[in-house]
Every structure is written in structure tokens, then in C-alpha cells.
Amino acid sequence: MKILVVGSGGREHALCWKLAQSAKVDQILCAPGNGGTAQVGRNVPVKDDDIPALVKLARDEEVDLVVAGPELPLVLGIQNALEKEQIPCFGPNAYAANLEGSKAFSKNVMHEAGVPTAAFRVFDEYEAAAAFIRKKGAPLVVKADGLAAGKGVVVASTTEEALEAAENMMVRKAFDAAGDRIVVEECLKGEEASFLAFCDGRNYALLPSSQDHKAVGEGDTGPNTGGMGAYSPAPILPESEYAATAELVIRPILELLASKGQPFKGVLYAGLMMTEDGPSVLEYNVRFGDPECQPLLMRLDTDIVDIMFACIDGRLDQVEVKVRPETACGVVMAAEGYPASYPKGMEITGLDKADALDNVKVFQAGTREQDGRILSSGGRVLCVTALGRDLAEARKKAYEGVDLVHFDKSYFRHDIAEKGLKRMK
Ligand code: AMP
Ligand code: GLY
């Protein structure tokens, strides 16, 4: 089989790496890809938001399956466009992708499906939003409705901050049309966990729990990033609670969307706040998380091609999704300055040495290959991921890998997985 992976992050390198392990896969293309995906397959310079060009590429290359890594192509309707050409696509259609593409849609679906989530109101006019914010008072969370590259959420500890956020989105158009509509919601307290499931529209198959580290700084300080590290399983959401949690946050969404004639197929990612009253959904993503994907796929022990086609064909109940019992931990190496401005073009060395360690894999994100060298090209550069008998061992091995890799102006958090280790004690 020939497979086209869309995207260019660490998640996409991990997807290519996992797909390449399938005996059914002969060739992998990645659009636009990175230095890591170039080692597994062939990069093609087509951007992830250029749906007509991606469809043309899939058609011209006669690919058997397209795997959409990020949310943007899904929200833009890549599945629908490929379906018209009878090309299988792993990922939901544009309607279902709105679970991530529109916060208002997502909250309304959660409400209708009876999924636990923070109390909320949707606003299309700044004055009405401001009146509500003044009446309720802080703490409040203000969210731009549309995709805003992870920057559209403000957790406001003062009423002034919440007003400022709403004004920034709705009046000053900081996120263009993505902020024309906003969601204002109750602020929840607790530790976050990621819970992902393969879905075929009707059935789901769970992946183990994981936990991301969104803040750039140690001790969860500083601005939010795409994610600075992740591990799986997350002790905050133990295996004994997977089934009940899925019935609470996955099943009702599948049932509701199926009843609307818009079945959800792909990976449904529930971003959970583990509150004193149980899990509450902060958001849905319609794809693998990055960096959660990297540790999760290191644990996945079933041919991912079989799982993806079972999702597309609606027969996930016939596939056993097996997961290795070990713990996996990934540490992101970023460029100093990220998530604000950062330097690019630094040469990365030691990748082979880290990859040669037992059960360690370096997934590349913001990298590119030039004349046989790997250069940095983005903010999140690498995710050094390791498997271990337990969290302590996985973490230790991931940092051993980090120690072997070098590039100028590299930055990483030293405390990935510490929260999990504390909880286990
Ligand atoms: P979202 O994109 O909706 O997941 O929001 C990004 C981040 O904002 C989450 O990972 C949380 O850290 C935080 N957040 C979102 N909604 C809430 C909420 N209702 N209460 C507290 N924190 C929240
Ligand atoms: N790691 C969070 C996300 O992918 O949205």
C-alpha cells in the first residue's frame, strides 16, 4: 500500500514511523513533512491547508489511504473531498471535525449529548459578552470560537482580564473571524489528562490515558505551548477508570453524531479536567495530540493500518487494539524563545546516538534535511520518546536520549512526568 500522511510535526513523524512498521505498507508520502518523515518516506512540498492540491497529489500518486495528522485539513473538509474521489481518509468529515473547529458547536454538542463540561454561554456580540462577564465575575475562561493555533483560550483570574480577552477577540479581531463568536465558561480546577479513542462512527477502541505539559516553563509556568512533553499512562486517569470514562465522554458523542447522520470516524481526543466531581471535558480534538501521539504510538502494538481501515469501514469491533504494558515518556526539545520568536537553522547532532539507545526513538518536528544534515526549522524541534517498565524508567531513558542530542539554543523542560511520579507515591 501507498499512504499519504498530511502534516509536518512530531505527530506526523510518529505516524509515518508506525505506518512503516506495517507489512502492508510499501511506500509513505508526507505533505509537507519534516526531516524525520524524509527518513521514513518521501516528502512532497504541499501545505496541509491546500485541500485541492492534497487531493490531486493523492489521486496522481494513486495512494490507498490518506492520514490527516492536524486539525486544519480535517476542518477544511479533506475527508469529504477525498471521499468524492473514492480515496479512503483516516479522520472525521468536516461536520464532525467541528468538534474541534468550533468551540460553540463543541459545547452545544456536549450539552445535547449530556457530557460533563463547564457551564457556558455563547456570544456573537461584545456588549452582551461584557455584560455577562461583569455579572458573573472572575475566574472565567474566554475562548475564541474558531481555530486559533492554540492561542484562543484565556483563563482569566480577574474580571478585567476576561473583559480584555473578549474585547481582544471580538473587537480588535486578534484571531480574525475565529473570534467573532466566543464562549465564556466556568473555570474548572484540577489536573488535566488526555483520553483518546479510535472511532468508527459507532464503536470505539480506547488508547491508554496520557498527559501533556502545555506550559513552556518548569512547574507549569509561563505561556502555553503546543505541548512540551507527554507520557502514558497518566496515573491521574488509571486503567480501572477507562471504561467508565469512555461511556461518559466518548460514547455519547458517537451516538449523538451518528443520530445526526454524521458519524465520527477517526481519533476522538477528549481533553479532560479531572475535577473533584469527576472528569469534565475541556475540549475535543479530532486527531491525535502532539506530543501525546509519540508516547501513545510507541505503546501501540497492533498494525495501525488495520485499525485505520476498520475505523473507515465501520468494523472496529472486529479489531483488537493491543497496547504494550510499558510506560512511554516523551520530552520535547524546543528552540530557545518558543512559543514567542526563536532562532532557526541550527544543526542537530547526536540523533543517531539517541536512536541507538534501547527503546528510545527521536521523533522530529521542526526539522528539515539539507545535504545530509538535519537543521532546526521550527519552535518544537524534537520529541525524544522512550519506553520503560514504569514511569520512572521511561522518563530516565527519555532524558538519557535528550542528553545525547545537541543543537545550539536548545531548550527543554527538566520536569516532564514529575506530576505523574508524585501521584504514584
Ligand atoms: P482548550 O483549547 O479548550 O483545551 O483550552 C486550552 C487550555 O485552557 C486547557 O488545556 C486548559 O488548561 C485551559 N482551560 C480551558 N477551559 C478551561 C476551563 N473551563 N477551566 C479551566 N481551565 C480551562
Ligand atoms: N497536545 C495538545 C494538542 O495536541 O492539542
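Model, not experiment: these values are computed from the prediction.

Cut-offs applied
Residues numbered from 1 in each chain as written. Chains lettered and ligands numbered in written order. Predicted model: local features only at pLDDT ≥ 70, side-chain atom pairs only at ≥ 80, totals over all residues. Heavy atoms only, no water. Helix = DSSP H or I, 4+ residues; strand = E, 2+ residues; numbered from the N terminus. Rg over C-alpha atoms; globule rule 2.2 N^0.38 Å. Buried < 20%, exposed > 50% of the residue type's maximum accessible area, 1.4 Å probe, protein only. Areas by Shrake-Rupley, 256 points an atom, 1.4 Å probe, with all protein chains shown as cover. Near = heavy atom within 4 Å. Polar contact = N/O pair within 3.5 Å; in protein donor to acceptor, adjacent residues only side chain to side chain. Nonpolar A, V, L, I, M, F, W, Y, C, P; charged D, E, K, R; others polar. Contact = heavy atoms within 4.5 Å. Salt bridge = Lys/Arg side-chain N within 4 Å of Asp/Glu carboxyl O.

J.: Sorry if this is basic, but what is going on with the overall build of the protein chain here?
T.: Scanning the protein chain from N- to C-terminus turns up 16 helices and 24 strands. Compactness check: the protein chain gives a C-alpha radius of gyration of 21 Å against a globular reference of 22 Å for 425 residues, within 12% of the reference. Counting only C-alpha atoms, the protein chain reaches 60 × 45 × 45 Å along its principal axes. Here the protein chain, with 425 residues, has 57% of them falling under the buried criterion. Carbon and sulfur atoms make up 47% of the accessible area of the protein chain, which amounts to about 17400 Å² in all.

J.: I tried to follow the site of ligand 2 on my own but got confused; where do I start?
T.: In the region of ligand 2, the neighbouring residues are D212, G226, Y269, N285, R287, G289, D290, P291 and E292. Here a nitrogen atom of ligand 2 and a side-chain polar atom of E292 are 2.7 Å apart. The fraction of the free accessible surface of ligand 2 (200 Å²) that becomes covered by protein chains is 89%. Within the shell around ligand 2, the residues separate by chemical class into two nonpolar, three polar and four charged.

J.: Help me understand the environment of I348, please; the structure alone is not making it clear to me.
T.: Structurally, I348 can be placed in strand 19 (residues 347-348). When the C-alpha positions of I348 and H406 are compared, they lie 5.7 Å apart, and in sequence the two are 58 residues distant. Ignoring any residue separated from it by four or fewer positions in sequence, one finds I348 in contact with T367, I374, L375, S376, V381, L382, V405, H406 and F407.

J.: Can you walk me through the pattern of salt bridges in this structure?
T.: Note that side chains of opposite charge can pair when their charged atoms are close. The final tally for this structure, using the stated rule, is 31 salt bridges. Note that D313 is salt-bridged to R315, the shortest N-O span being 3.2 Å. Among the ionic pairs, R413 bridges to D415, the shortest N-O distance being 2.8 Å. Both residues of the pair, R413 and D415, belong to the buried class.

J.: Explanation requested: unusual backbone geometry in the structure shown.
T.: For the peptide bond that leads from A31 to P32, omega is -5 degrees, which places it in the cis range. If you trace the backbone, P32 turns up in strand 2 (residues 27-32). A cis geometry characterises the amide bond from A138 onward to P139, with omega recorded as -5 degrees. Note on placement: P139 falls in the loop between helix 8 (126-136) and strand 7 (140-144). Even without a glycine there, the phi angle at Q86 is positive, about 60 degrees. Residue placement: Q86 occurs in the loop between helix 5 (78-84) and strand 5 (89-90).

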